[in-house]
Amino acid sequence: MGKNEPERHALIPETIVCYHCGGDCRDEHHLHDSHDFCCTGCLTVYDLLKENDLCQYYRFSDAQGISPDANSYQGKFDYLDLPELRSQLLEFTDGRQERINWLVPKMHCSSCIWLLEQLHSLHPGVGSSVVNFPEKTVRISLDPRQIKLSELAELMARLGYETYVSLNDADQQSAETRPAKNNGRTKLYKIGVAGFAFGNIMMLSLPEYFNLGQGTEDQQLRLLFSALNMALALPVFFYSASDFFVSAWKALRGRYLNIDAPIALALLSVFLTSLYQVAMQSGPGYFDSLAGAVFFMLLGRYFQDKTYANIAFDRDFKSYFPIAVSVLQEGVEFNSPIQKLQIGDRILVRNRELIPADATLVSPLALIDYSFVSGEADPLERRKGDTLYAGGRQCGPAVELEILRQVSQSYLTQLWNNDAFSKKKEDQNKTLAARINRYFSAVVLLLSVGTFALWAFQGRWETAFLAFTTVLLVACPCALLLSSTFTNGNLLSLFGKHGFYFKNADAIERLSKIDTVVFDKTGTVTLPNEAEVQFVGAALTAEEKVIVKTLAAQSSHPLSRLIVKSLPEVVLSKKAFTDFREKEGAGIQAMWGNQEVKIGSQEWVWYSRSNGCLPARKGDKSVEQHRAPTGETPVPQPQVHIAIGGEVRGYFDIRPKYRPGLADTVTTLQGENYVNYLLSGDQPTDQAFLGTLFKDNAHLFFQQKPEQKLDFIAKLQREENRKVLMVGDGLNDAGALQQSDVGLAVSDDINNFSPACDAIVQGDKLPLLPRYIRLARAGQRIIKVSFGISLLYNIAGISYAVTGQLSPVVAAILMPLSSITIVLFTTAATNLAARRWLRSGDICAT
């Protein structure tokens, strides 16, 4: 907080935009330095920037700052100073300088980048900070003698950029992911070498292409150019093409034929033939074809692998669990890594913090949100002695827990021991390209060997070797590889532009084959943190709305927050309540002047008095008809009842808010003969609506545990031979997403955390699901057509190659020409398909 206090503090009805974050100053307004702020957090960030002469931050056109987390507390990041954790988090340290790479999920624009790279201006202990925007990370160099890791994290949190540190970051195995980045750099080197060699060999081969120069001096230049081409081809063959030979050798050792086997044989044949021709001065060789084929194939594979590589698809429970927890021992609180938690340890879990292990509740009462674990939308009340399961979040004041099982033995982590998480969906022998290659490669090899044997039998060994090489050159399966990699690579990009991000190209093919779609409910077909709130009863006056909103704002209960959110036009009152009391799990009450106000459950509002319920307002039939008689089971739909001055005014009916376009999406899928199911861990609310939508109540399953969801998917696959697309969003869906043929995670922020999956779709793009499936199917047709085009080249070329009459120069030109044609065709065809299926408009249009 700055030294100067705000000039005034007020609550005003008109909408004013916050100078820092750009949000509305609806519930709170601070006027400071002639600027408006929506909360003390934004004002604090402004003061911090002003004190360090960094207010030029606000000159950025997209400068919309982030409000610091209201749940922050003193000592929140002290665990980062634990020696055993520091050594695992730091990238480098020599005692005088340290370097750390932190994930900052809230980074979203150029102004964020500028501010994070100005950390050295905010603290002398920070040497430099460099942002990697695609990965949402910032690499910071710091002097540990001037600033601790906890102090650095606190500084970033004060700016609104709280770092995300999870158990996965402290796992020593996470270091094994570092070679993946080096591997990507190695692929770029190989592409660069092949591209450089290809361009120069083509240039040096121009005289051969046009048969220029026949004199003695020209012949010497030809020999020189051939020698230079050979020198340029050596690194291409031994370095750039090495992956093809390694892959082919592994396949042969596994006793199967992959697409790289005939490619490796063709490259080897071309290379040896070229060496022979140069050595015997009988020809220039085919080094241009060799370098060109390797360059295009590597480029296609890199293009496919690189697309959206920064989106994490393989998260497990370690990516969600905190790295440390507050432990209580003899009344003293200290931080400890969660791997060291033992049975019987007492821990403290604060508001919105995750429960790291199964535990027993020691505090009198807790309100646990299991939506991300079980799918249950409403927080559950738990009392002293109840068992709380890992993955739940506490909603409200800090609670004390006693560890019941270690982290590795908790209910949530046991889900990852299921066989579904150890299987690999991407069977390379079952892809379309592999199935075609299984026959194509065998035919090509038989043709080449047969041609060689035919000419060798006649004693024409030179013709036999020439025909063998040209058949492999012309019919090289490079075009097949290119048709698959460039089609899928371009599709990955096109899908991504429309909010659908695949883990890899194999998932596109599996999506094209699905015949069953299974939806989760909470957070998937419903909007997270959104609800349809309607007041049932006599209309509240303007003053009563102010009373209700002001009192509800005092509670941390999720239903209270939804009520506050549903009254955006109502301004919070500055008038203070007296005799405020909150009965956890029941409701809240306070005195507004001489009126008693109650907000809470039906029992709390209607039956809290010993002599019966609170009297309803006379003649208020709209309330009376909704009152549940004593002993009758209340409807499962969440309701928050209101009583003011001893009179029950009605209740807020809170229903889940479904994603726009959901009905059209399900109807379109049904019209295209997809079987649809709903699996929900939630209560059976809105069953009538969902039954109508899914056409059959037998396809609706509620109160499903994570393992039940997984078993349901497995049963569909095993007993009905279904190809299943599972659409979910939380850890409770992780098993089903992994078991399904295609697991699709719905996320309203793709940089936020989602469970392990094959693809991620932006929440607002879910209505396009039928179109995504159509585009995936179109991609498979494009691969088949492009292979047919390359086959025409092969038939024409082979018909001459087997006679031994095909000119080596023509063979050398035909192969890259075929490859270039495939690249152009697949690029154009996939763009046209995307324009057709992903165009704006009604999703039901065909």
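Values in this document were obtained by computation on a predicted structure and should not be read as measured data.

**Considering the overall build of the protein**
- Tallying secondary structure elements over the protein gives 28 helices and 29 strands in all.
- Counting all 846 residues of the protein, 51% fall into the buried class.
- About 38300 Å² of surface is accessible on the protein, with carbon and sulfur atoms providing 54% of the total.

**Quick word on the pattern of salt bridges**
- A complete count under the given rule lists 21 salt bridges for this structure.
- We note a salt bridge from Arg346 to Glu402, for which the minimum N-O separation is 3.0 Å. Taken together, the residues span a long stretch of sequence, with Arg346 in strand S10 (residues 346-349) and Glu402 in strand S16 (residues 399-403) at a distance of 56 residues.
- Residues joined in a network through salt bridges with shared partners are Glu91, Arg99 and Arg139.

**Some thoughts on a nonpolar patch on the surface**
- Where nonpolar side chains cluster on the molecular surface, the patch consists of Leu188, Tyr189 and Tyr239 and spans about 290 Å² of accessible area.
- Since its relative accessible area comes to 30%, Tyr239 is described here as partly exposed.

**Brief notes about the side chain of Ser141**
- Here Ser141 shows up in strand S7 (residues 137-142).
- Ser141 gets classed as buried once you look at its relative accessible area, which sits at 12%.

**Remarks on the sheet that holds strand S27 (residues 724-728)**
- Across the sheet, which stays open at both edges, the seven strands sit in the order S17-S29-S28-S27-S18-S25-S26 with mixed pairing between neighbours. Since the sheet does not close on itself, it has two edges, and those belong to strand S17 (500-502) and strand S26 (700-701), each with one partner.
- As defined by bridge partners, strand S28 (residues 742-747) adjoins strand S29 (residues 759-762) across four bridges and the pair is classed as parallel. Considered in S29, the bridge of Ser747 is made with Gln762.

**Section: the environment of Asp53**
- Here Asp53 lies in the loop between helix H1 (40-51) and helix H2 (83-89).
- Given the relative accessible area of 61%, Asp53 is considered exposed.
- The spatial distance from the C-alpha of Asp53 to the C-alpha of Ser121 is 8.7 Å, given a sequence separation of 68 residues.

**A few points about unusual backbone geometry**
- The residue Ser34 is not glycine, and still its phi comes out positive at about 65°.
- Relative to the helices and strands, Ser34 resides in the loop between strand S2 (29-32) and strand S3 (35-37).

**Thoughts on the pairing of strand S25 (residues 675-679)**
- Buried residues dominate S25, accounting for five of its five residues.
- Side chains Val675, Tyr677 and Leu679 of S25 all project onto a buried face; the interleaved residues Asn676 and Leu678 project onto the opposite face, where all are buried too.
- The sheet contact formed by S25 and S26 spans two bridges and is parallel. Across the sheet, residue Leu678 finds its bridge partner in S26, namely Leu700.
- In this region the chain leaves S25, passes through helix H24 (residues 687-694) and returns to the parallel neighbour S26; the handedness of that crossover is right-handed.

**Comments concerning the nonpolar core**
- Counting residues in each nonpolar core, the largest one holds 50 residues, and the members touching the most others are Leu80, Trp102, Ile140, Met156, Leu159 and Tyr161.
- Mapped by element, the contributors of at least two residues to this core are H1, H2, strand S5 (98-103), helix H3 (110-116), helix H4 (119-122), strand S6 (126-132), S7 and helix H5 (149-158).
- Membership of the second largest hydrophobic core comes to 45 residues, among which are Tyr658, Leu690, Leu725 and Ala833.

**Considering the sheet that holds strand S13 (residues 380-383)**
- Spatial strand order, S13-S12-S15: three strands in an open sheet with antiparallel pairing. With one partner strand each, in any of the chains shown, S13 and strand S15 (393-394) form the two edges of the open sheet.
- Pairing of strand S12 (residues 365-369) with S13 involves four bridges; the strand directions are antiparallel. Bridge assignment links Ile368 to a residue of S13, and that residue is Leu380.

**Comments concerning the confidence of the model for the protein**
- Mean pLDDT over the protein stands at 77; residues scoring 70 or higher make up 76%.
- Per-element confidence in the protein ranges from a low mean pLDDT of 38 for strand S1 (residues 8-10) to a high of 94 for strand S18 (residues 516-520).
- A low-confidence stretch, residues 1-13 (pLDDT under 50), is modelled with 38 contacts involving residues beyond four sequence positions or located in other chains.
- Low pLDDT (under 50) marks residues 840-846, which in the prediction has 18 contacts with non-local residues, meaning those over four places away or in another chain.

**Regarding helix H19 (residues 542-552)**
- Looking only at H19, the buried set comprises Glu544, Ile547, Val548, Lys549, Thr550, Leu551 and Ala552.
- For H19, the elements touching its buried residues are helix H20 (558-565), strand S20 (578-583), strand S21 (587-592), strand S22 (595-600), strand S23 (639-644) and strand S24 (647-658).

**Brief notes about the packing of aromatic side chains**
- Tallied over the full model, the rule gives 19 aromatic pairs.
- Aromatic side chains Phe37 and Tyr46 sit 5.2 Å apart centroid to centroid with 45° between the ring planes, which places their arrangement in the tilted category.
- Taking relative accessible area as the criterion, Phe37 reaches 0% and is therefore assigned buried.
- Classification of Tyr46 by relative accessible area gives buried; the value is 5%.
- Pairing Phe237 with Phe271 gives two aromatic rings, centres 4.0 Å apart and planes at 5°, and the pair type is stacked. Within this pair, whereas Phe237 is found in helix H9 (residues 216-240), its partner Phe271 is found in helix H11 (residues 260-280), the two being separated by 34 residues in sequence.
- Taking relative accessible area as the criterion, Phe237 reaches 8% and is therefore assigned buried.
- Given a relative accessible area of 4%, Phe271 falls into the buried group.
- Above the plane of the ring of Tyr239 lies Lys190, whose end atom (NZ or CZ) is 5.6 Å from the centre.

**Side note on the environment of Leu228**
- Looking at the secondary structure, you find Leu228 in helix H9.
- By relative accessible area, which is 38% here, Leu228 ends up partly exposed.
- It is 9.3 Å that separates the C-alpha atoms of Leu228 and Asn200, two residues lying 28 residues apart in sequence.

**Describing the packing of helix H10 (residues 242-253) against H11**
- Running from N to C, H10 and H11 point in directions that differ by 130°, and their axes come no closer than 8 Å. When the axes of H10 and H11 are compared, the pair comes out oblique. Judged by the sense of rotation from one axis to the other, the crossing of H10 with H11 is left-handed. Of the residues in H11, those in contact with Phe244, Phe245, Ser247 and Ala248 of H10 are Asp260, Ala261, Ile263, Ala264, Leu267 and Leu268.
- Counted by class, the contact of H10 with H11 contains eight nonpolar, one polar and one charged residues.

Calculation notes
- Residues numbered from 1 in each chain as written.
- Predicted model: local features only at pLDDT ≥ 70, side-chain atom pairs only at ≥ 80, totals over all residues.
- Heavy atoms only, no water.
- Helix = DSSP H or I, 4+ residues; strand = E, 2+ residues; numbered from the N terminus.
- Buried < 20%, exposed > 50% of the residue type's maximum accessible area, 1.4 Å probe, protein only.
- Areas by Shrake-Rupley, 256 points an atom, 1.4 Å probe, with all protein chains shown as cover.
- Salt bridge = Lys/Arg side-chain N within 4 Å of Asp/Glu carboxyl O.
- Patch = residues over 30% accessible without salt bridge, like charges linked within 9 Å, V, L, I, M, F, W, Y side chains within 5 Å.
- Pairing = 2+ DSSP bridges.
- Right-handed = clockwise from strand over helix to strand, strands pointing away.
- Core = buried A, V, L, I, M, F, W, Y, C linked by side-chain atoms within 4.5 Å.
- pLDDT = per-residue confidence, 0-100.
- Contact = heavy atoms within 4.5 Å.
- Phe/Tyr/Trp six-rings, centres within 6.5 Å; stacked < 30°, edge-to-face > 60°.
- Lys NZ or Arg CZ within 6 Å of the ring centre and 35° of its normal.
- Axes fitted to C-alpha atoms, helices over the stretch in contact; angles between N-to-C directions.
- Parallel < 35°, antiparallel > 145°, perpendicular 65-115°, else oblique.
- Left-handed = near helix turned anticlockwise from the far one by under 90°.
- Nonpolar A, V, L, I, M, F, W, Y, C, P; charged D, E, K, R; others polar.

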